[in-house]
Protein chains: 2
Amino acid sequence: MKILLDAMGGDHSPKAAVEGAILFANNFPSSQVTLFGDHYAIHSFLTKNSSHPKNVEIVHCAQKIEMNDSPLSAIRKNPEASMLVGLRALKAGEGDAFVSAGNTGALMSGSLLTLGRIPGIHRPALATYMPTSSGGAVMCDVGANPSPKPIYLLQNTLMAVQYTHILLNRPQPSVGLLNIGEEAGKGSHFDRKVHEMLSLVCQNFKGNIEGNDILKGKVDVIITDGFVGNIVLKFGESVFDYFFTMLKKNIGISLLSKIGALLLKSALRSIKRELNYEEYGGAPLLGVNGIVIKSHGHSSAYAIAKALESAQKMVAQNLHQTISERLAAMNSTLAEHPELTENGEMQKK
Amino acid sequence: MKILLDAMGGDHSPKAAVEGAILFANNFPSSQVTLFGDHYAIHSFLTKNSSHPKNVEIVHCAQKIEMNDSPLSAIRKNPEASMLVGLRALKAGEGDAFVSAGNTGALMSGSLLTLGRIPGIHRPALATYMPTSSGGAVMCDVGANPSPKPIYLLQNTLMAVQYTHILLNRPQPSVGLLNIGEEAGKGSHFDRKVHEMLSLVCQNFKGNIEGNDILKGKVDVIITDGFVGNIVLKFGESVFDYFFTMLKKNIGISLLSKIGALLLKSALRSIKRELNYEEYGGAPLLGVNGIVIKSHGHSSAYAIAKALESAQKMVAQNLHQTISERLAAMNSTLAEHPELTENGEMQKK
């Protein structure tokens, strides 16, 4: 097993990437990691560590894509960027999966241009772990496609279910459609169409869920469009920062409160840990023809190591093969119901 | 000033409504409250209190709409429901505003059927207070219209700005469009159209904001469609419950943590208070032709009193007259730019 890693992506690159690769390589001595990026910079971080594991190698790349670059022009202007060289290596079969903490838009476009889509998949989607009261869930799409067609959400469901099965080790993940009410008729025409189609093709579909059901862990897989998913994800990430800021402010100068906070430190630390995106191995670009994982832009070495581990798990458990098989089965079901797919071309604006 | 109150709406009716009315009536002795609902039940709660204020009166209604009733059929079947009798009294000029903690859909439909819309307003919208790091903001729409047209969001902005001005006492509220990126080109065709139109007609438009900007208080008014707004609102309400549940779980059986929590009690209580929807006087149904406020279904007496106070403020500061004036000004600006309104009919699916 060989995992390819963009060493130049993310806010803390190449340090976090190199240290994450070492962490992973030491934990999985029979796996290999290839770092793509500036040889000199990577090497200086590699040798800072007492042990440069034998299963970490470097491929030098002369260019890189910045976090705030406009995706398409950055791709055009930097053909030798670490992200693109890594993706081409994946395409050429020089590795089993690719991980990057870099520019999300560039990673999405670069993956599509280099790898294409899984045959039969219309559009790729981003899936991500969400902490919940019942051990976590996966939300999909969190930003790849803000105005999908109903058929895209059906395919996203199929892919997210397989991913959740692997990530959270749940045999038959349950699925909920994020909506503004529980009843089947809720939401817009688009939402009703998706509900109708999911009821037909998704075995473990639990119907609509509402905004306040997400953290309750009512379902294992939360399906929504990339617009809503992106806003909920970012709002969720900010809400805990907001809470800790408020806690600090309200503790203020009171000595008793300060002692209280000190005594609660370990409880607060466990909460932070439970909410930590770093544990959950990044967000896969489901639907591109190759295992590609977007790690959070702020990724630490630990987060990178977890993303590499997650990529390895997806390869080992044949995520793509399962998706292709299930897709064929779903398409036959849909073919028996032409009335359903007929209006499935409607686009969410 | 006379405020009309649905005594039978909400989870704690009629107790919370009656006690809220008394609270308000005692605080504002020159104002009047009329309670609509079952005379016997209301009277029993009124007389339980030592002082039945003189400025609280009862109008008996034989029927009521339940929280989970289907709005349109409930309205058809219960013409003498407290909510509908109250709305008709508002229409007849027997009061200045109407408050209900009852069924949101029924209140929206009932208000539209009874009062109609402010002339020139296409669709009503629900606005609500959101706590933020900078003293709070207003989000609109939070559920009235899941698939609006761009022109609706323009009108919602105009109404929400006037409401924010009154509620939060901000002279020139700033406006942000909730989107999946800061740049003007982000989101779908729909979002770009709204951005373009707001840039033209909204003086204090700050462009797009993202999910993680909401709680930072980047803007005073957050504009979004009723689908996204409803999900963000409900998610936000649940996130703090989730946090407190996690805190309890993590405090667990450790004695030191328990002491810590005890010492932090007042800090945690201030946070809960700051996040409490009860302080902020419910959500107005902007755009219906009359001041109507939806108070939270879980409203306590205190929340009801605050909603009555908020209604009084909106009447005193001529919310509706200002909206009509600003609407005329906005329409003239739009008339000068026919190219903008041309495609303004597109609907968000």
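You'll find the structure just up there.
Below is a short write-up of the structure.

### A closer look at the interface of chain A and chain B
In this complex, chain A contributes 56 residues to the contact, which on the side of chain B involves 55 residues. Together, the buried faces of chain A and chain B total about 5,000 Å²; carbon and sulfur atoms form 75% of this surface. Across the chain A-chain B interface, the total number found is 2 salt bridges. With a closest N to O distance of 2.3 Å, E210 of chain B and K234 of chain A form a salt bridge. In this structure, the connection of chain A to chain B is made through 5 residue pairs in polar contact (both at pLDDT 80 or more). At the level of elements, α7 (189-201), α8 (226-251), α9 (255-263) and α10 (265-274) of chain A are the ones that each hand at least two residues to the side of chain A that touches chain B. Ranked by residue count, the leading element in the side of chain A that touches chain B is α8 of chain A, at 20 residues. Here the side of chain A that touches chain B is built from residues that sort into 31 nonpolar, 18 polar and 7 charged.

### Notes on the nonpolar core
Within the largest apolar cluster, 108 residues are counted, with the highest numbers of intra-cluster contacts made by V232 and V292 of chain A together with V232 and V292 of chain B. Apart from residues no more than four positions distant in its own chain, V292 of chain B is found in contact with L87, L90, F98, L107, S111, L115, A283, P284 and L285 of chain B.

### Section: the packing of helix α4 (residues 82-91) of chain B against helix α5 (residues 104-115) of chain B
Packed helix pairs are specified by the crossing angle of their axes together with the interaxial distance, meaning the distance between the axes. Residue and element names in this part refer to chain B. The interhelical angle for the contact between α4 and α5, taken along N-to-C directions, is 35 degrees, at an axis separation of 10 Å. The two elements α4 and α5 meet at a crossing, and its hand is right-handed. Facing M83, L84, L87, R88, L90 and K91 of α4, the residues of α5 in contact are A106, L107, G110, S111, T114 and L115. Within the contact of α4 with α5, the residues separate by chemical class into 7 nonpolar, 3 polar and 2 charged.

### So, helix α2 (residues 39-48) of chain B
Residue and element names in this part refer to chain B. Taken residue by residue, α2 has A41, I42, F45 and L46 as its buried positions. Seen along its axis, α2 keeps its buried residues to an arc of 130 degrees; they face one direction. Facing away from the buried surface of α2 by more than 90 degrees, the exposed residues are Y40 and K48.

### Details of the environment of H43 of chain A
Considering the arrangement of structural elements, one finds H43 of chain A in helix α2 (residues 39-48). With 126 residues separating them in the primary sequence, H43 of chain A and N169 of chain A have C-alpha atoms 37 Å apart.

### Some remarks on a nonpolar patch on the surface
Among the surface-exposed residues, L255, L256 and I259 of chain A lie close enough to one another that they form a single nonpolar patch of about 300 Å² accessible area. Relative to the elements of secondary structure, L256 of chain A occurs in helix α9.

### Regarding the relation of the copies chain A and chain B
One copy of the chain maps onto the second through a rotation about an axis and a displacement along it. Superposing chain A onto chain B takes a rotation of 180 degrees combined with a translation of 0.0 Å along the rotation axis, leaving an RMSD of 0.0 Å. What the superposition gives is, in effect, a two-fold axis relating one chain to the other. Within chain A, the C-alpha atom positioned nearest to the axis of rotation is that of G260 of chain A, 1.8 Å from it. Mapped onto chain B, 98% of the interface residues of chain A again fall at the interface, so both copies present the same surface.

### Considering the sheet that holds strand β4 (residues 97-100) of chain B
All names here are of chain B. Across the sheet, 11 strands lie side by side as β3-β2-β1-β4-β11-β10-β5-β6-β9-β7-β8; this open sheet has mixed pairing. Two strands lie at the open edges of the sheet, namely β3 (56-60) and β8 (205-209), each paired on one side alone. Between one strand and the next, the sheet's axes are offset by a mean angle of 25 degrees, whatever the strand orientation. Strand direction decides the pairing type here: strand β10 (residues 283-286) and strand β11 (residues 291-294), joined by 2 bridges, are antiparallel. Directly across from A283, in β11, lies its bridge partner K294.

### Let's talk about unusual backbone geometry
All names here are of chain A. The step from S13 to P14 runs through a cis peptide bond, and the omega angle for that step is -5 degrees. Structurally, P14 is set in the loop between β1 (2-6) and α1 (15-27). Unusually for a residue other than glycine, N169 sits at a positive phi of about 60 degrees.

### Brief notes about the side chain of D141 of chain B
Residue and element names in this part refer to chain B. When you line up the elements, D141 lands in the loop between β6 (137-140) and α6 (150-167). Within the buried set, D141 has no salt-bridge partner at all; the shortest N-O distance to an opposite charge, 9.6 Å, is to R123. At 3.0 Å, the side chain of D141 and the backbone nitrogen of L126 are in polar contact. Here A144 takes part through its backbone nitrogen, which lies 2.8 Å from a polar atom of the side chain of D141.

The rules we used
Residues numbered from 1 in each chain as written. Chains lettered and ligands numbered in written order. Predicted model: local features only at pLDDT ≥ 70, side-chain atom pairs only at ≥ 80, totals over all residues. Heavy atoms only, no water. Contact = heavy atoms within 4.5 Å. Buried area = accessible area lost by both parts, 1.4 Å probe. Salt bridge = Lys/Arg side-chain N within 4 Å of Asp/Glu carboxyl O. Polar contact = N/O pair within 3.5 Å; in protein donor to acceptor, adjacent residues only side chain to side chain. Helix = DSSP H or I, 4+ residues; strand = E, 2+ residues; numbered from the N terminus. Nonpolar A, V, L, I, M, F, W, Y, C, P; charged D, E, K, R; others polar. Core = buried A, V, L, I, M, F, W, Y, C linked by side-chain atoms within 4.5 Å. Buried < 20%, exposed > 50% of the residue type's maximum accessible area, 1.4 Å probe, protein only. Axes fitted to C-alpha atoms, helices over the stretch in contact; angles between N-to-C directions. Left-handed = near helix turned anticlockwise from the far one by under 90°. Arc of directions from axis to C-beta. Patch = residues over 30% accessible without salt bridge, like charges linked within 9 Å, V, L, I, M, F, W, Y side chains within 5 Å. Areas by Shrake-Rupley, 256 points an atom, 1.4 Å probe, with all protein chains shown as cover. Least-squares fit on C-alpha atoms with pLDDT ≥ 70 in both. Pairing = 2+ DSSP bridges. Lys, Arg positive; Asp, Glu negative; His and termini not counted.

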